[in-house]
Amino acid sequence: MRDLGHLASALQDSLPGSTRITAITPLTTGFSNETYRIEGPDLILRLPPSAGAMLDGHDVLAQARIYAELGSIDDAPPVPQIVSIGEDDTLIGTPFFVMERVPGESIDDISMQPWFAEGTDALRGQICRNWVSSFAQLAKLAPLRVLGPALTPEDDARTWREFAGRADSGRLVALFDRLLAEPASRSGPPAVVHGDTKLSNLMWRHAEVSAVLDWEMALNGEPLADLGYMLYSFESEYHGATRAQKLPGMLTRDEVIALWSDVSGRSAEGLFWHEIAQIGKIGAIIAEGTNMYVTGRSSDPKLALFQKNLDYYLGVMEAMLDGGGF
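To keep things clear, this report deals only with the structure shown in the data block. (Residues numbered from 1 in each chain as written. Predicted model: local features only at pLDDT ≥ 70, side-chain atom pairs only at ≥ 80, totals over all residues. Heavy atoms only, no water.)

What to know about the overall build of the protein chain
Then comes step 1: Helices and strands together make up the secondary structure of the protein chain, namely ten helices and nine strands.
Then comes step 2: Each of the three principal axes of the protein chain carries a C-alpha extent, and together these read 60 × 45 × 40 Å.
Then comes step 3: Counting all 326 residues of the protein chain, 52% fall into the buried class.
Then comes step 4: Sequence separation of 24 or more characterises 67% of the internal contacts of the protein chain that already satisfy a separation of 6 or more.
Then comes step 5: Surface summary for the protein chain: the accessible area is close to 14700 Å², and the carbon and sulfur share equals 51%.
Then comes step 6: Averaging the positions of the 26 positive and the 44 negative side-chain charges in the protein chain gives two centres separated by 2 Å. (Helix = DSSP H or I, 4+ residues; strand = E, 2+ residues; numbered from the N terminus. Buried < 20%, exposed > 50% of the residue type's maximum accessible area, 1.4 Å probe, protein only. Contact = heavy atoms within 4.5 Å. Areas by Shrake-Rupley, 256 points an atom, 1.4 Å probe, with all protein chains shown as cover. Lys, Arg positive; Asp, Glu negative; His and termini not counted. Charge placed at Lys NZ, Arg CZ, Asp CG, Glu CD.)

Remarks on the pattern of salt bridges
Then comes step 1: All told, the structure shown has 16 salt bridges when counted by the stated rule.
Then comes step 2: The salt bridge partner of Asp322 is Arg178, with a shortest N-O separation of 2.9 Å. Pair noted here: Asp322 is in helix α10 (residues 306-323) and Arg178 is in helix α6 (residues 170-180), with a separation of 144 residues, a long-range link.
Then comes step 3: With its nearest N and O atoms 2.5 Å apart, the salt bridge here joins Glu275 to Arg253. Highlighted residues: Glu275 in helix α9 (residues 271-294) and Arg253 in helix α8 (residues 253-264), separated in sequence by 22 residues. Neither residue differs from the other here; Glu275 and Arg253 are each classed as buried.
Then comes step 4: When salt bridges that share partners are traced, they join Arg37, Asp42 and Arg101 into one network. (Salt bridge = Lys/Arg side-chain N within 4 Å of Asp/Glu carboxyl O.)

Side note on empty space enclosed by the protein
Then comes step 1: Tallied over the full model, the rule gives one cavity of 30 Å³ or more.
Then comes step 2: Volume-wise, the largest cavity comes out at about 140 Å³.
Then comes step 3: Lining the largest cavity are 19 residues, and of these Pro153, Asp156, Glu222, Ala225 and Gln278 lie nearest its centre.
Then comes step 4: Elements with a minimum of two residues in the lining of the largest cavity: α5 (153-166), β9 (219-221), α7 (224-231) and α9.
Then comes step 5: Tallying contributions element by element places α9 first for the lining of the largest cavity, with five residues. (1 Å grid on protein atoms, 1.4 Å probe; cavity = no way out; pocket = protein on both sides within 12 Å on 5 of 7 lines; lining within 4 Å. Points joined across faces, edges and corners; volume = space filled by probe spheres on them.)

Focus on the packing of α6 against α10
Then comes step 1: Following both chains from N to C, one finds α6 and α10 inclined at 25°, their axes separated by 11 Å at the closest point. Judged by the inter-axis angle, α6 sits roughly parallel to α10. Seen along the crossing, α6 lies across α10 with a hand that is left-handed. Between α6 and α10, the contacting residues are Arg171, Leu172, Leu175, Phe176, Arg178 and Leu179 on the first element and Asp311, Leu314, Gly315, Met317, Glu318, Leu321 and Asp322 on the second.
Then comes step 2: A breakdown of the residues in the contact of α6 with α10 according to their chemical character gives seven nonpolar, one polar and five charged. (Axes fitted to C-alpha atoms, helices over the stretch in contact; angles between N-to-C directions. Parallel < 35°, antiparallel > 145°, perpendicular 65-115°, else oblique. Left-handed = near helix turned anticlockwise from the far one by under 90°. Nonpolar A, V, L, I, M, F, W, Y, C, P; charged D, E, K, R; others polar.)

Notes on the environment of Ser84
Then comes step 1: With respect to the helices, strands and loops of the structure, Ser84 is situated in strand β4 (residues 82-86).
Then comes step 2: On a C-alpha basis, the gap between Ser84 and Leu303 in space is 33 Å, while along the polypeptide they are 219 residues apart.

Regarding α6
Then comes step 1: The complete set of buried residues in α6 reads Leu172, Val173, Leu175, Phe176, Leu179 and Leu180. Buried residues along α6 cover an arc of 160° about the axis, so they all sit on one side.
Then comes step 2: Those residues of α6 that are buried lie in contact with α5, α9 and α10. (Arc of directions from axis to C-beta.)

A closer look at the nonpolar core
Then comes step 1: Ranked by internal contacts, the top residues of the largest apolar core, which has 55 residues, are Phe116, Trp131 and Trp215.
Then comes step 2: Elements that contribute at least two residues to this core include exactly α2 (60-71), β5 (96-100), α4 (121-137), β7 (202-205), β8 (208-212), α7 and α8.
Then comes step 3: In this structure, Leu180, Tyr229, Leu303 and Tyr313 belong to the second largest nonpolar core, which totals 34 residues. (Core = buried A, V, L, I, M, F, W, Y, C linked by side-chain atoms within 4.5 Å.)

Digging into the sheet that holds β4
Then comes step 1: Taken in spatial order, the five strands of this open sheet run β1-β2-β3-β5-β4, and their pairing is antiparallel. On the outer flanks of this sheet lie β1 (23-28) and β4, each paired with one strand and no other. Adjacent strand axes in the sheet meet at a mean angle of 25°, parallel and antiparallel pairs treated alike.
Then comes step 2: Taken together, the four bridges between β4 and β5 define a ladder with antiparallel strand orientation. Residue Ile82 lies in a different strand from β5, and its bridge partner there is Met99. (Pairing = 2+ DSSP bridges.)

Re unusual backbone geometry
Then comes step 1: Within the chain, Asp42 stands out as a residue other than glycine whose phi angle is a positive 60°.
Then comes step 2: With respect to the helices and strands, the residue Asp42 is situated in the loop between β2 (34-39) and β3 (43-47).
Then comes step 3: The backbone of Ala207 sits at a positive phi, close to 65°, despite the residue not being glycine.
Then comes step 4: With respect to the helices and strands, Ala207 occurs in the loop between β7 and β8.

Observations concerning the side chain of Glu222
Then comes step 1: Positionally, Glu222 belongs in the loop between β9 and α7.
Then comes step 2: In this structure, Glu222 is buried with no salt-bridge partner, the nearest side chain bearing the opposite charge being Arg266 at 4.4 Å.
Then comes step 3: Residue contacts for Glu222: discarding those within four places in its chain leaves Leu151, Pro153, Ser185, Arg186, Ser187, Gly188, Val193, Arg266 and His274.

Right, dumping it as structure tokens:
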């Protein structure tokens, strides 16, 4: 557990303005970069995970630079403004950044808020269209300098294949090998790819997107990856829908694809390869969580449930590879 009182006193004089910090409260902690609310000036603090990172995503400083570059581009999605960056560990013992708190709230994947779950079909339809459109718009953005050279879809898949190998999931490695035996389609030149296009990674205010968050897996690459990642939550012949996508008013899988194509101006031809690759990426992250628990690197009880989820995702990936003729 972090000493939140120490964090508050250490940060007090480093932030612009004279508003006194009254408290620091955790919003999300665990194996991803941690998020805290700085009460008083009403800001957001991001720190590296104290429990140890589960995946090789961008560190907190890289994420701050992603937000900063996006914030300087007129056609980029809305992101929080960066307030302060701690480049080293001299102030609070770890690098960090502070950003503005954007009005609105995210939609919880598990405990969906009543305003969303019990709202009208029209409300959920609007939210779903804005969700898909926000990530489809990224396909129009030129690669970001901060994200470095563009990755091919195959190179990105190889990255997650290696991750699966380090997580001791030989079955997933073999499935990636099957996928990589086939070339991936391209929808056009490389563009910005968010990498984690969950509904919960958007902030909402009156059914409009107020911010796009959590760029830990962002890259310059093939935008079909973002669509493929999004589609794992919509029902197909190979897998069911996740909870939010089962609610009336949400778009169907075919409607999502059509809307993404219309907004991005790109063809979704060859999408199947990318959806399999993204399910493999999800599987690799779950495999690492399972491995952390099995090897004793973590005693977090949530990780004990990962094995069941891993078997499900690997079964889906295998069925898709069989069904796709790969």
